[in-house]
Structures are given as C-alpha cells and as structure tokens.
Amino acid sequence: VKGKPYDLPYRESFRGGELAYDFAWVSYNVTRDNYLQLTTDSASDADGGCIAWKSYDKEEFFDFNTGKIAITEAQKPVLMYSYYATPGKNFSMQVSAVKPDAATQVLQTINFDTLQGVPGWRTEVIDLSDLKDNNWLYFCFHLANGGSETSMALDNINVLDGKDHDLSISVSCPQSAN
C-alpha cells in the first residue's frame, strides 16, 4: 500500500452515505449482485450513513479495508467501531490489522451465532498498544456468511488515542418493563 498514512484521529463514519477519506478498498466473493454499499438507510451514530451488505449464500465474503493509519504518536492507540448484528445467524466478522511488512494480526472474531440479545448496533473497542511500534497499520473487516441469509453493516470506524484517562460507559436495559 503506497502513499502517506492518515494521521490520528481517523474517523470514518460514512456520514450521509459518503466516504470521509480518499482511500479504502474492498475484496469479495459474492454469488449475486449483492455488493457492500454505502447507504443512508441506517447509521449507528445518527449521521445518516454506514456501509451495509446483504448476504444470501454460504461462503460469500466481503472485506472492507481502511487506508494506512499512523499510530506511533498515540499513547494508547485504539480501534473503535460499530456493527449491526443479528444474533443467532451463521455469520462472522474478523477484524485484522495489517502491518507495513504485510503481516496480518487478527484482533477480534465475532460469531453472530453465539451473540445474545436482539438485532441492533453494537460497539467494540480494541486496544492497539501492542502494535504501536509499527509506522502505520491498515484494518481489514472480513465479513463471512456461514450459511444464513442476513444483513450486516459497519459504521463509525475510529482509530484514535485512547489515553488512560478516557472514560467509556455502557448501559444495558430490558426492551420492556412491566
């Protein structure tokens, strides 16, 4: 991958169904015209955009790759992103970092068939401190169908300095109360 890396903070929210950065790429194996699409139909962050994919057949996959991102200046670099999941579906997402020497490090694998709860947006935060000695990284989101027709979406991909004093709060509530 050539060119100057993007500086932190890297914030790709697909606002209004558009890319914020000039460079990202995809690779895929699909059996129909069901490509990963920029869309304004949904968003995790209320900005009117995300990337979405409806997969129909087993063994279909889509990779969404960011451009190069410089992380060496961060005290505590983190990758934070949101994804739309339908628990119980035979579908997975693997998030990897690709280093300057092209070595790939798997950061996280999410199997939708083991997720609990209701369909909806979820947010993940991954500590990248072990990778900060690399001049840059790019990130690959590998979406794979294991045999279920399902829809999936990504939004709000951020790489930033998570400094030790940052605070994150997560609240979980029942869908209804008596």
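Caption draft 1: Representation of the overall build of the chain in the model. Counting its regular elements, the chain contains 0 helices and 11 strands. Along its sequence from the N terminus, the chain presents helices and strands in the succession β-β-β-β-β-β-β-β-β-β-β. Here the chain holds 178 residues, and 42% of them are scored as buried. Taking contacts inside the chain between residues at least 6 apart in sequence as the whole, the part at least 24 apart equals 77%. A total accessible area of about 9,800 Å² is found for the chain, and carbon and sulfur atoms account for 44% of it.

Caption draft 2: Fine view of unusual backbone geometry. For the peptide bond that leads from Leu8 to Pro9, omega is -5°, which places it in the cis range. Mapped onto the elements of the fold, Pro9 is located in the segment before strand 1 (10–12). Even without a glycine there, the phi angle at Phe14 is positive, about 55°. Among the secondary structure elements, Phe14 is positioned in the loop between strand 1 and strand 2 (24–29). We classify Phe14 as buried; its relative accessible area is 0%.

Caption draft 3: Up close: the pairing of strand 10 (residues 138–145). When you tally the buried positions in strand 10, you get 7 out of 8 residues, the bulk of the element. Bridge analysis of strand 5 (residues 61–66) against strand 10 gives 5 bridges, and the strand direction is antiparallel. Pairing of Asn65 across the sheet is with Cys140, part of strand 10. Sheet topology note: the strand 7 (residues 91–98)/strand 10 ladder contains 8 bridges and is antiparallel. Note that in strand 10 the partner of Ala97 across the bridge is Phe139.

Caption draft 4: Structural context of the pairing of strand 7. In terms of residue burial, strand 7 counts as a mostly covered element, since 7 of its 8 residues are buried. When strand 7 meets strand 8 (residues 104–111), the two strands line up antiparallel, connected through 7 bridges. Among the inter-strand pairings, Met93 is bridged to a residue of strand 8, identified as Ile110. What sits between the antiparallel neighbours strand 7 and strand 8 is a turn of 5 residues, in which Ala102 has the positive phi angle 75°.

Caption draft 5: Spatial organisation of the nonpolar core. Grouped together as the largest cluster of nonpolar side chains are 32 residues, with contacts concentrated most on Leu79, Tyr81, Tyr83, Met93, Phe112, Phe139 and Phe141. Of all the secondary-structure elements, those providing two or more residues to this core are strand 4 (50–55), strand 5, strand 6 (77–85), strand 7, strand 10 and strand 11 (150–161). Setting aside its immediate chain neighbours within four residues, Phe141 contacts Phe62, Asp63, Phe64, Thr66, Leu79, Tyr81, Met93, Gln94, Val95, Leu154 and Ile157.

Caption draft 6: Representation of the packing of aromatic side chains. As enumerated under the stated definition, the model contains 11 aromatic pairs in all. With centroids separated by 5.4 Å and ring planes inclined at 65°, the aromatic side chains of Trp53 and Phe62 adopt a geometry described as edge-to-face. The exposure class of Trp53 is buried, given its relative accessible area of 2%. Here Phe62 falls in the buried class, since its relative accessible area comes to 1%. Both rings, one in Tyr81 and one in Phe141, keep their centres 5.2 Å apart while their planes meet at 75°; by these two values the pair is edge-to-face.

Caption draft 7: Spatial organisation of the environment of Gln75. Tracing the backbone shows Gln75 in the loop between strand 5 and strand 6. Assessed through its relative accessible area of 58%, Gln75 is described here as exposed.

What counts and what doesn't
Residues numbered from 1 in each chain as written. Predicted model: local features only at pLDDT ≥ 70, side-chain atom pairs only at ≥ 80, totals over all residues. Heavy atoms only, no water. Helix = DSSP H or I, 4+ residues; strand = E, 2+ residues; numbered from the N terminus. Buried < 20%, exposed > 50% of the residue type's maximum accessible area, 1.4 Å probe, protein only. Contact = heavy atoms within 4.5 Å. Areas by Shrake-Rupley, 256 points an atom, 1.4 Å probe, with all protein chains shown as cover. Pairing = 2+ DSSP bridges. Core = buried A, V, L, I, M, F, W, Y, C linked by side-chain atoms within 4.5 Å. Phe/Tyr/Trp six-rings, centres within 6.5 Å; stacked < 30°, edge-to-face > 60°.

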